[in-house]
Amino acid sequence: MPIGGLLGIGFAVHPDDGRDLVMVVSSDGHGLFDAVTGGKIARDRDPDPDTSTPDASPDLTCPGLGPIAGTWVHIAGLFGGGLLHTTSGGWALDIVVPEWPNERVLLSADGDIYRDPHGQGWWHILHSNYSTFRAAGFSPSGITLAVATSSDLTLWTRPSLRA
């Protein structure tokens, strides 16, 4: 989904049903999205300037909105931080930069991109040659994978943790 001026992303859990949510921090405010449908759940175009970017907090957090209001969400992206690069089911991400400054995101089924040929155990899922890479990683549940650049957010989900 296109999101201009994307600064960072973080994961949260919906308090009603436990599904993965993705919080986006951009130069145009904060947004909260359902990780499966990509639907916008909440939007704040004018967040408090004291907490609008994660660099205002020592632990790189921003206040949640909508159903996660009152919680703080760790944000990874322009200001630092990171997302999970492995799941309990063995899936793993590698971020490589063979042609700086254009990052590539590689996904592997077993955590080893060097054992199998491309397409058989690992896949090249993003080449950030059109926008600046911000963050990539799995949700704490391991069900959602997110890749964010300065201009867009791409989400992949699966129904369970089975490989």
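Preceding this section is the structure that the text describes.
Residues numbered from 1 in each chain as written. Predicted model: local features only at pLDDT ≥ 70, side-chain atom pairs only at ≥ 80, totals over all residues. Heavy atoms only, no water.

**Student:** Quick question: what am I supposed to make of the overall build of the protein chain here?
**Tutor:** Of the regular secondary structure elements, the protein chain holds zero helices and 13 strands. Start at the N end of the protein chain and walk to the C end: the helices and strands fall as β-β-β-β-β-β-β-β-β-β-β-β-β. Here the protein chain has a C-alpha radius of gyration of 16 Å; the compact-globule value for 163 residues is 15 Å, and the two agree. Structurally, the protein chain occupies a C-alpha span of about 50 × 35 × 30 Å along its principal axes. By residue count, 45% of the 163 residues in the protein chain fall in the buried class. The contacts of the protein chain with a sequence gap of at least 6 include a subset with a gap of at least 24, amounting to 39%. Counting every atom, the protein chain has about 8,100 Å² of accessible surface; 53% of that belongs to carbon and sulfur. Side chains of the protein chain give 9 positive and 18 negative charges; the mean places of these two sets differ by 7 Å. (Helix = DSSP H or I, 4+ residues; strand = E, 2+ residues; numbered from the N terminus. Rg over C-alpha atoms; globule rule 2.2 N^0.38 Å. Buried < 20%, exposed > 50% of the residue type's maximum accessible area, 1.4 Å probe, protein only. Contact = heavy atoms within 4.5 Å. Areas by Shrake-Rupley, 256 points an atom, 1.4 Å probe, with all protein chains shown as cover. Lys, Arg positive; Asp, Glu negative; His and termini not counted. Charge placed at Lys NZ, Arg CZ, Asp CG, Glu CD.)

**Student:** What exactly am I supposed to notice about the sheet that holds strand β1 (residues 6-13) here?
**Tutor:** The strands that make up a sheet are held in pairs by hydrogen bonds between backbone atoms, and each pair lies either parallel or antiparallel. In spatial order, the strands read β4-β3-β2-β1-β7; together these five strands make up an open sheet with antiparallel pairing. Both edges of this open sheet fall to β4 (40-44) and β7 (76-77), since each of them pairs with a single strand only. With seven bridges connecting them, β1 and strand β2 (residues 20-26) associate as antiparallel partners. Considered in β2, the bridge of A12 is made with L21. (Pairing = 2+ DSSP bridges.)

**Student:** Where do I start with the packing of aromatic side chains in this structure?
**Tutor:** Remark: the centre distance and the inter-plane angle together describe each pair of aromatic rings, the angle taken between the planes. Under the counting rule described, the total for this entry stands at one aromatic pair. Seen in terms of ring centroids, W91 and W123 are 5.9 Å apart; in terms of plane orientation they differ by 25°. Their pairing is stacked. Pair noted here: W91 is in the loop between β7 and β8 (92-99) and W123 is in strand β10 (residues 122-127), with a separation of 32 residues, a long-range link. Classification of W91 by relative accessible area gives buried; the value is 16%. (Phe/Tyr/Trp six-rings, centres within 6.5 Å; stacked < 30°, edge-to-face > 60°.)

**Student:** Explain the pattern of salt bridges to me, please; I cannot follow it from the model alone.
**Tutor:** The final tally for this structure, using the stated rule, is six salt bridges. We note a salt bridge from R115 to D110, for which the minimum N-O separation is 2.2 Å. Overall, the relative accessible area of 35% leaves D110 in the partly exposed class. (Salt bridge = Lys/Arg side-chain N within 4 Å of Asp/Glu carboxyl O.)

**Student:** Would you mind going over the nonpolar core with me for this structure?
**Tutor:** Nonpolar side chains in soluble globular proteins tend to be buried together. I3, L6, I9, V22, V24, L83 and L153 are the most contacted members of the largest nonpolar core, which has 14 residues in total. Those elements that place two or more of their residues in this core are β1, β2 and β12 (144-149). In terms of residue count, the dominant contributor to this core is β1 (three residues). With near-sequence residues (within four places) excluded, I3 lies in contact with V24, S26, F33, S150, S151, D152 and L153. (Core = buried A, V, L, I, M, F, W, Y, C linked by side-chain atoms within 4.5 Å.)

**Student:** What's the story with the sheet that holds β10 in this structure? I'm lost.
**Tutor:** Strand order in the open sheet made by the three strands is β8-β9-β10, with antiparallel pairing throughout. If you trace the sheet from one side to the other, it starts and ends with β8 and β10, each paired once. The average angle at which neighbouring strand axes cross in this sheet is 30°, direction not considered. Pairing geometry for strand β9 (residues 102-108) and β10, over five bridges, is antiparallel. Looking across to β10, one finds that S108 is bridged to W122. (Axes fitted to C-alpha atoms, helices over the stretch in contact; angles between N-to-C directions.)

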